[in-house]
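Architecture and fold: a report
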2 protein chains.
Amino acid sequence: MFENRMPRYEILSQESMATLTLGWRRIVSEIGIEFMSPWAIDLLREAGQSVEDNNVKFDPDWVLKQCALAPREFNLRARNPKNNVHIGGNSMVFGGVYGPPFVREGDVRRDATFNDYENFCKLSQSFDSLDSVGGVVCEPNDLSLDSRHLDMAYAAATLTDKFFMGNVVTAENAKDVIKIAEIIHGGRQVIVETPALISLVNCNSPLRWDDRMLDSLREYVLASQPVVVTPFLLMGAMSPVTIPATLAQQIAEALTGIALAQTLNPGCPIVFGSFLSNIDMQSGSPQFGTPESGIGLLCTGQIARSLNLPFRGGGGLNSSQTVDAQSAYQTMMTMMPTFLSGTNWVMHTAGWLEGGLVSCYEKFVLDVEILQSLMIEFTPLEFNVASLAFDAHLEVGHGGHFLGAAHTMERFRDCFYRPFLTNSDNFERWTRLGARDSKALATEIYKKKLEDYVAPEMDAGIRQELDEFVAMRKSQLD
Amino acid sequence: MFENRMPRYEILSQESMATLTLGWRRIVSEIGIEFMSPWAIDLLREAGQSVEDNNVKFDPDWVLKQCALAPREFNLRARNPKNNVHIGGNSMVFGGVYGPPFVREGDVRRDATFNDYENFCKLSQSFDSLDSVGGVVCEPNDLSLDSRHLDMAYAAATLTDKFFMGNVVTAENAKDVIKIAEIIHGGRQVIVETPALISLVNCNSPLRWDDRMLDSLREYVLASQPVVVTPFLLMGAMSPVTIPATLAQQIAEALTGIALAQTLNPGCPIVFGSFLSNIDMQSGSPQFGTPESGIGLLCTGQIARSLNLPFRGGGGLNSSQTVDAQSAYQTMMTMMPTFLSGTNWVMHTAGWLEGGLVSCYEKFVLDVEILQSLMIEFTPLEFNVASLAFDAHLEVGHGGHFLGAAHTMERFRDCFYRPFLTNSDNFERWTRLGARDSKALATEIYKKKLEDYVAPEMDAGIRQELDEFVAMRKSQLD
């Protein structure tokens, strides 16, 4: 797990923070937030908030008081203890893309299948820098809609020994995935003590929490599994076109969702979520990797820290159709602020293409290279008199070179990041080897990784219990 | 000209800065720096430094005293006053790639020609976000080696009305370019008062200033034209493999060059230069856009500011052979720290490919898109109660959309950065329009820009004087 011990890049003044505070307080108290599940309305009414139909007008101080019940940081257990992670503080935890119905491999774009889902599980397991496959790394369109959550959780639980995300399509799905976590971790009490699932709950922005999301949230929160309470904000569509207005809305939506969760189960681990970009005002298309989304992410980190909440955001977002230069500069336009803001839980780290409609094999590999480079860039330098290498200067002198210096020979293996994809061959060698661009190299790498994949071990008894549970539930659902 | 009013991202502690101070002071005083021009040795001896053959051991306090004579900031005049720039402070000034012997257009890589040189001048003129074509935007290999500096300066002076860089191949070349600047700006006194040329002087690192570079430096400095005093550091070859050691060497080399310049002409404008990356320790190839180079750039900015000197660094550096994803993520790995460190003079902003061996048309256009996106990302937000758009929330309410809101309609034209290359078409539209990746789109854009190019006006008398001078000198040199 990566710890970001570099400084945070904070761009909001105290005055700006005060303006945002004014903004979200007015939204929650004067306009209110809609909650489409009756149990949520009842709970908030009982807690003294002002309810009219599905709309709740909040006392902002009560919202803050509830949010203060959430832990600043928490641990998340993986099947293999060495893959346990910590969410919050300096920790940054990385998972794959989430949600795409399509996949792209090379020049072929097609419906995603369960075979693709399994492949992305295997790739996630193969790269140490990824902490999780995430959740819906692609939609297994060839499986039954009613039971594919079981297949996905089963694949993530068996093909990886890292943590994975809960399903949020229905409360029943959530219960199933919680049961799977109980089986592989050794019972309910174990995962209540240290949670094993983290689940994405999106707001139907602006200012509405839908029933299916709320009902899923309820299951996870009652089982003490963290949810990522995430306003879904494409500026110009789901929020105003000014970033301050969008940030105020984001706080209003996230904090009211978090306050609800803390009312359900005080002290339950929770994450302040952000998914903030903008549309193209000419075409209405969503855009990712924009400067505005980068600014939003920097601000979000600062806001979440001021609220003592771990936060989610960023990733390798882009609008590109293929693994071209645009896909990479937009990814960097998001990933660099992801690190600068010290994002705690980073979804969509690897594989995202086409505005999130596509899980791409080549992009997955390329994104891991970017991730690992940034991990090096955000590792503080060791500074001491030895690091000045004065003896190397004495040895090499004027106009010489350091290639064979003793200082170099001692350190050459690990002094610099060693890329596995990035190529610096000269033109002649590059041409001789087939003039492969980074997309072509990525194809070779992901294929090799899948060939070399070794499944992590699992206790036979646990495996049997898991198999039986999944078979039993599938027979009920299909 | 862009002003970066965002915070600087500084990663060196006071202890680290003190370690670096220890480091460079030991290098200049105990090992010394070689100066291969007799005039430089004489000047430094007269100034009381300890000379043995070509090596000079410095009193570090004297070095600092001389460097303190340099202005913190200065202006640079362009032929068109609206293109004047300021070097230092919050200003960031951007020029094209410098030095490549080859060009790439599409899938063709070939020797660069003067026609290419002119084309890159035209492209630089066409993009408002570029402040200069730079200097040797590519080598015009089809021209005479002895006089091509005249052709290049002539092209930059007539095809653009922006400032351009001086030639540093010989002192004679430098004199010619200074004369060209005098002609187009109205005489020596005008450019002495406000300089018109900025020139790149590289160190033959480690610890040696070569004669041709020094002799060029001398001409520019005596004419009060700023030089960019630049250690040329590929860690592992020209400097040790530890970043602190390389930073100490960079300070030692830059400050001794600057001290020499300030001894020649006290108060002359000058720039602390940085060109810092690393080699691949397996192959020995130079690598660009590495995490180590990003860290180096962040540190360099902090160091230059502590010395009250404007600084140069960064740009769109990468090791890629083609305009692929790697070329873009490496460019961003450099350009983002370029902005985070508030780099004052950014060479190699546009067109760099293949470790600087290639000026690429498509990359040039792509880099301008990246540049413009980052200019937006590094523009502070306007924060006030109006920016919270509370009325828009009242208008849209719960679960609606902001596409037609009054607040949106008032701002939709310029609320977000409007890319000229970045594409967010959906898959169907993208396929219908030819499934062009960003390289293909860049080809179309640069061709259109060249077609649409309009030469800036020039006074007929100045033009005649310039023509005559260049013709006269070419008849002498060829």
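Scroll up to find the structure this text is about.
Summarised in this report is the structure supplied together with it. (Residues numbered from 1 in each chain as written. Chains lettered and ligands numbered in written order. Predicted model: local features only at pLDDT ≥ 70, side-chain atom pairs only at ≥ 80, totals over all residues.)

Some thoughts on the sheet that holds strand β12 (residues 208–209) of chain B
Residue and element names in this part refer to chain B. Spatial ordering of the open sheet is given by β3-β4-β2-β12, a layout of four strands whose pairing is mixed. The open sheet terminates on both sides in strands that have one partner only, identified here as β3 (50–52) and β12. When strand β2 (residues 33–35) meets strand β4 (residues 55–57), the two strands line up antiparallel, connected through two bridges. Each bridged residue has a counterpart across the sheet, and for Ile-33 the counterpart in β4 is Val-56. (Pairing = 2+ DSSP bridges. Helix = DSSP H or I, 4+ residues; strand = E, 2+ residues; numbered from the N terminus.)

With respect to the nonpolar core
Formed by 305 residues in total, the largest nonpolar core has its most connected members in Val-229, Ile-258 and Met-332 of chain A together with Val-229, Ile-258 and Met-332 of chain B. The residues touching Met-332 of chain A, leaving out its near neighbours within four places in the chain, are Ile-370 of chain A together with Tyr-329, Met-332, Met-333 and Met-336 of chain B. (Core = buried A, V, L, I, M, F, W, Y, C linked by C-beta atoms within 7 Å. Buried ≥ 20, exposed ≤ 12 C-beta atoms within 10 Å, placed from the backbone. Contact = placed C-beta atoms within 7 Å.)

As for helix α6 (residues 171–185) of chain B
All names here are of chain B. Compared with the 21 Å implied by 1.5 Å per residue over 15 residues, the 21 Å span of α6 between its first and last C-alpha is a close match. Contacts from the buried residues of α6 go to α5 (148–159), α7 (188–193), β11 (197–202), α8 (211–222) and α17 (460–477). Positioned one or two residues after α6, Gly-186 has a phi angle of 100°, which is positive. (Expected span 1.5 Å × (residues − 1).)

Considering the packing of α6 of chain B against α17 of chain B
All names here are of chain B. Running from N to C, α6 and α17 point in directions that differ by 165°, and their axes come no closer than 9 Å. Classified by the angle between their axes, α6 and α17 sit roughly antiparallel to one another. Both α6 and α17 take part in a crossing whose hand is right-handed. Packed against α6, whose contacting residues are Asp-176, Lys-179, Ile-180, Ile-183 and Ile-184, the element α17 presents Ile-462, Glu-465, Leu-466, Phe-469 and Arg-473 at the interface. (Axes fitted to C-alpha atoms, helices over the stretch in contact; angles between N-to-C directions. Parallel < 35°, antiparallel > 145°, perpendicular 65-115°, else oblique. Left-handed = near helix turned anticlockwise from the far one by under 90°.)

Things to note about the pairing of strand β15 (residues 270–273) of chain A
All names here are of chain A. The alternating pattern of β15 places Ile-270 and Phe-272 and Val-271 and Gly-273 on opposite faces, both of which are buried. Pairing of strand β13 (residues 227–230) with β15 involves three bridges; the strand directions are parallel. Within β15, the residue paired with Val-229 across the bridge is Phe-272. Examined bridge by bridge, β15 and strand β18 (residues 311–312) share two bridges and lie parallel to one another. Bridge pairing in β18 links Phe-272 to Phe-311.

A short note on the relation of the copies chain A and chain B
What connects the two chain copies is a rotation about an axis and a shift along it. At an RMSD of 0.0 Å, chain A and chain B line up after a rotation of 180° and a shift of 0.0 Å along the axis. Within this description, the copies of the chain are treated as partners about a two-fold rotation axis. Within chain A, the C-alpha atom positioned nearest to the axis of rotation is that of Ala-325 of chain A, 2.1 Å from it. When the interface residues of chain A are mapped onto chain B, 99% of them are again interface residues, pointing to one common binding face. (Least-squares fit on C-alpha atoms with pLDDT ≥ 70 in both.)

With respect to the interface of chain A and chain B
The interface is formed by 97 residues belonging to chain A together with 97 residues belonging to chain B. Counting residues per element, the side of chain A that touches chain B draws most heavily on helix α11 (residues 325–340) of chain A, which supplies nine residues. Across the side of chain A that touches chain B, the residue classes tally to 48 nonpolar, 35 polar and 14 charged. (Nonpolar A, V, L, I, M, F, W, Y, C, P; charged D, E, K, R; others polar.)

Quick look at the environment of Thr-349 of chain B
Residues and elements named next belong to chain B. With respect to the secondary-structure elements, Thr-349 resides in the loop between β19 (345–346) and β20 (352–353). Under the C-beta neighbour-count criterion, Thr-349 is labelled buried, with 33 such atoms within 10 Å. Along the backbone, Thr-349 and Asp-367 are 18 residues apart, and their C-alpha atoms lie at a distance of 6.8 Å. In contact with Thr-349, other than residues within four places in its own chain, are Phe-94, Gly-95, Gly-96, Leu-130, Gly-315, Gly-316, Asp-367 and Leu-371.

Side note on the sheet that holds strand β17 (residues 286–287) of chain B
Residues and elements named next belong to chain B. The mixed open sheet is built from three strands, whose spatial order is β14-β16-β17. Since the sheet does not close on itself, it has two edges, and those belong to β14 (232–235) and β17, each with one partner. Here helix α9 (residues 243–264) sits on the sheet in contact with β14 and β16 (275–279), set at roughly 170° to β14. Sheet strands touched by helix α10 (residues 291–306): β14 and β16. Its angle to β16, the strand with the most contacts, is close to 155°.

Examining unusual backbone geometry
With omega at 5°, the peptide bond leading from Ser-205 of chain A into Pro-206 of chain A counts as cis. Looking at the element boundaries, Pro-206 of chain A is found in the loop between β11 (197–202) and β12 (208–209). The residue Asn-308 of chain A is not glycine, and still its phi comes out positive at about 60°. Examined against the element boundaries, Asn-308 of chain A turns out to sit in the loop between α10 (291–306) and β18. Residue Asn-308 of chain A is classed as partly exposed on the basis of its C-beta count, with 14 C-beta atoms lying within 10 Å. Not every positive phi belongs to a glycine, and Asp-53 of chain B is a case in point at roughly 50°. With respect to the element layout, Asp-53 of chain B can be found in the loop between β3 and β4.

Examining the environment of Gly-342 of chain A
Residues and elements named next belong to chain A. You can see Gly-342 is positioned in the loop between α11 and β19 (345–346). When the 24 C-beta atoms within 10 Å are taken as the criterion, Gly-342 is described as buried. When the C-alpha positions of Gly-342 and Gly-301 are compared, they lie 7.0 Å apart, and in sequence the two are 41 residues distant. Beyond its immediate sequence surroundings of up to four residues, Gly-342 is in contact with Asn-4, Arg-8, Asn-90, Met-92 and Gly-301.

Some remarks on the packing of α5 of chain B against α17 of chain B
The relative placement of two packed helices comes down to the angle between their axes together with the axis-to-axis distance. All names here are of chain B. In contact at an axis separation of 10 Å, α5 and α17 are set at 170° when each is read in the N-to-C sense. The angle between α5 and α17 places the two elements in the roughly antiparallel class. The segment α5 lies against α17, with Leu-150, Tyr-154 and Ala-157 engaging Leu-466, Val-470, Arg-473 and Lys-474. Taken together, the residues of the contact of α5 with α17 sort by class into five nonpolar, no polar and two charged.

Side note on the pairing of strand β16 (residues 275–279) of chain A
All names here are of chain A. Counting buried residues along β16, five of its five residues qualify, which places the element largely inside the surrounding structure. One ladder, built from four bridges, connects strand β14 (residues 232–235) with β16; its direction is parallel. Note on β16: the bridge partner recorded for Phe-232 is Phe-275. The sheet contact formed by β16 and strand β17 (residues 286–287) spans two bridges and is antiparallel.

Considerations on the environment of Ile-270 of chain B
Residue and element names in this part refer to chain B. Mapped onto the elements, Ile-270 comes out in strand β15 (residues 270–273). Separated by 214 residues in the primary sequence, Ile-270 and Val-56 place their C-alpha atoms 21 Å from one another. Excluding residues that lie within four positions of it along the chain, Ile-270 makes contacts with Ala-70, Pro-226, Val-227, Val-229, Ile-258 and Ala-261.

Honestly, it's all geometry; don't read function into it.
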